[in-house]
Amino acid sequence: APPGTSKTVRQVKLDKECELRVEVSPEYPLRLRVLNGTAEIFGTEIPPEIWMTFPPRLKFAVFTWYGATIEIDGTTETDYTADETPMISYVNVHAVLDARRNRAKASPSDSDASQGPRVIVVGPTDSGKSTLARMLLSWAAKQGWKPTFVDLDIGQGSITIPGCISATPIELPIDPVEGIPLDMPLVYFHGHVTPSVNVDLYKVLVKELAQVLERQFAGNVESRASGMVINTMGWIEGVGYELLLHAIDTLNATVVLVLGQEKLWSMLRDVLKNKANVDVVKLHKSGGVVSRNAKVRQKARAFRIREYFYGLANDLSPHSNIANFSDLCIYRVGGGPQAPRSALPVGAEPTADPTRLIPVNINQDLLHLVLAVSFAKEPDEIISSNVAGFIWITDINFESKKITYLAPSAGNLPGKYLIMGSLTWYEP
Ligand code: ADP
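Everything numeric in this text was worked out from a predicted model, so none of it was measured.

Caption draft 1: Molecular detail of the overall build of the protein. Within the protein one finds 7 helices and 23 strands. Whereas a compact globule of 428 residues would reach a radius of gyration of roughly 22 Å, the protein reaches 23 Å, a difference of no more than 12%. Referenced to the eigenvectors of the C-alpha coordinate spread, the extents of the protein come out at roughly 65 × 60 × 45 Å. Across the protein, contacts joining residues at least 24 apart in sequence account for 73% of those joining residues at least 6 apart. In the form shown here, the protein has an accessible surface area of approximately 20,100 Å², with 52% of it arising from carbon and sulfur atoms. Between the averaged position of the 42 positive side-chain charges in the protein and that of its 46 negative side-chain charges there is a distance of 2 Å.

Caption draft 2: Quick look at the site of the ligand. By nearness alone, 18 residues border the ligand, and Glu-19, Lys-59, Ser-130, Thr-131 and Arg-292 come closest of all. Between Ser-127 and the ligand, the recorded distance is 3.0 Å, taken from a backbone N or O atom to an oxygen atom. Here an oxygen atom of the ligand sits 2.6 Å away from a polar atom, N or O, in the side chain of Thr-131. Starting from 560 Å² of accessible surface for the ligand in isolation, the protein chains cover 90%. Elements represented by at least two residues in the shell around the ligand include exactly β2 (18-24), β7 (59-64) and α2 (129-142). For the shell around the ligand, the residue count by class is 6 nonpolar, 6 polar and 6 charged.

Caption draft 3: Focus on the pattern of salt bridges. The final tally for this structure, using the stated rule, is 15 salt bridges. Close ionic contact of Arg-33 with Glu-71 constitutes a salt bridge, the shortest N to O distance being 2.8 Å. Taken together, the residues span a long stretch of sequence, with Arg-33 in strand β3 (residues 30-37) and Glu-71 in strand β8 (residues 68-73) at a distance of 38 residues. By relative accessible area, which is 10% here, Glu-71 ends up buried. Several salt bridges share partner residues, and in doing so they unite Asp-126, Arg-292 and Arg-297 into one network.

Caption draft 4: Fine view of unusual backbone geometry. Positive phi is not limited to glycine here, since His-368 has a value of about 70°. Here His-368 lies in the loop between β19 (357-360) and β20 (370-374). Since its relative accessible area comes to 24%, His-368 is described here as partly exposed. The residue Lys-401 is not glycine, and still its phi comes out positive at about 50°. Within the secondary structure, Lys-401 sits in the loop between β21 (387-397) and β22 (402-407).

Caption draft 5: Spotlight on the nonpolar core. Counting residues in each nonpolar core, the largest one holds 61 residues, and the members touching the most others are Leu-152, Val-256, Leu-268 and Phe-390. Counting residues per element, this core draws most heavily on helix α3 (residues 199-218), which supplies 10 residues. In contact with Leu-268, other than residues within four places in its own chain, are Val-122, Tyr-241, Leu-245, Ile-248, Val-256, Val-258 and Val-280. In terms of nonpolar packing, the next biggest core, distinct from the first, is built from 47 residues, Val-24, Ile-72, Val-121 and Ile-174 among them.

Caption draft 6: Fine view of the sheet that holds β7. With antiparallel pairing, the 5 strands of this open sheet are ordered in space as β5-β4-β7-β2-β9. In this open sheet, the two strands that pair with only one neighbour each are β5 (44-45) and β9 (76-82). By the bridge criterion, 6 bridges tie β2 to β7 in an arrangement that is antiparallel. Within β7, the residue paired with Val-22 across the bridge is Phe-60.

Caption draft 7: A look at helix α6 (residues 262-271). Leu-264, Trp-265 and Leu-268 are the residues of α6 that are buried. Viewed along the axis of α6, the buried residues span an arc of 100°, placing them on a single side of the element. Against the buried residues of α6 lie β10 (118-122), α5 (239-250), β15 (255-259) and β16 (279-283).

How each quantity is defined
- Residues numbered from 1 in each chain as written.
- Predicted model: local features only at pLDDT ≥ 70, side-chain atom pairs only at ≥ 80, totals over all residues.
- Heavy atoms only, no water.
- Helix = DSSP H or I, 4+ residues; strand = E, 2+ residues; numbered from the N terminus.
- Rg over C-alpha atoms; globule rule 2.2 N^0.38 Å.
- Contact = heavy atoms within 4.5 Å.
- Areas by Shrake-Rupley, 256 points an atom, 1.4 Å probe, with all protein chains shown as cover.
- Lys, Arg positive; Asp, Glu negative; His and termini not counted.
- Charge placed at Lys NZ, Arg CZ, Asp CG, Glu CD.
- Near = heavy atom within 4 Å.
- Polar contact = N/O pair within 3.5 Å; in protein donor to acceptor, adjacent residues only side chain to side chain.
- Nonpolar A, V, L, I, M, F, W, Y, C, P; charged D, E, K, R; others polar.
- Salt bridge = Lys/Arg side-chain N within 4 Å of Asp/Glu carboxyl O.
- Buried < 20%, exposed > 50% of the residue type's maximum accessible area, 1.4 Å probe, protein only.
- Core = buried A, V, L, I, M, F, W, Y, C linked by side-chain atoms within 4.5 Å.
- Pairing = 2+ DSSP bridges.
- Arc of directions from axis to C-beta.

Structure follows, in structure tokens:
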């Protein structure tokens, strides 16, 4: 039943260090408020007594350190209380990070010592990585730090649409409904929802992102001391594992948090044991983490793209634009899907250069593709440039040689060069 019918309101009493785990129904939103005591959602304190509305399908937990009474209005897919959570161990990690940030802040002129912790969260899919990253960021922001959130998960990113790696400073605890604020993140477009389509490009982009962040940190003592929290993909085997090591190395991570997998923890501990300044820490996965199958993931990706154009609550009004074929310069990166090295004869090299830039003629395949608008001024800057935003191709007319696309706003695109990958979207 939708919220607002008095029958649907009920109270839940939470003892200290317990949480209420909720899956909002697929049809109706859910309203919730804290009647007394204090509670938080993934690290962000909920304001007392004010009703908050959670959109359909959202999965979250209301956790209390000291006890609270919660009122919920609406029927849920599921909701239950749990008294066993890993929250104490998570907040202990936060305390250690906080101490390191204070130490970094105390020596602003020493280039090494002034660097706050760079935390990377790793683990299999559905181990609660994004959630832990979020908590660490919100707890840090609550204490006045401005940590940088780096999201390397191109399958299910929390900063922008899928297919991207991105970074953004977090200045306030993350809103439980709205998520990460979208103002001016630093975004690089891979264009695919798994790095395996072009592993080299993924590495190049991580490196570009790392270099830009390094420069930003050099000029900003506050964000330097606050450090980073890096979220990663759930792909932890084979090439996925190599990409984790690459990210740890490239972003100079100093704390590796391994969620829910003993084997990964022990592998990383062994391979990183010679790096004196890297701690590898094993943490328990929360029993509340909800597993998502391939179909649910695909749906979540589509929702993210929809949210980019239309807003979470349909509060944005994207604009349909028409351009001449000749106005658009579209490129793709790499010579199509590469044969994995393992599939080639011994000694043979894959022929297609994975970071080669290929101009794309307007063709039927572009229909329903999501393209990135690059900040590049010249084509050869495309790979090293971040992107301003995205457009979605909605119609291609070969007679009039015109292309119709959806953009967040009317007017000229913020850049001339567009990057194409394999990211598509179909309006539901
Ligand atoms: P990962 O990043 O490892 O794939 P997530 O952090 O995205 O995993 O968690 C998967 C899902 O589980 C998300 O929808 C998240 O909101 C939900 N979730 C995580 N922790 C809890 C919890 N304690 N209670 C309820 N839902 C949770």
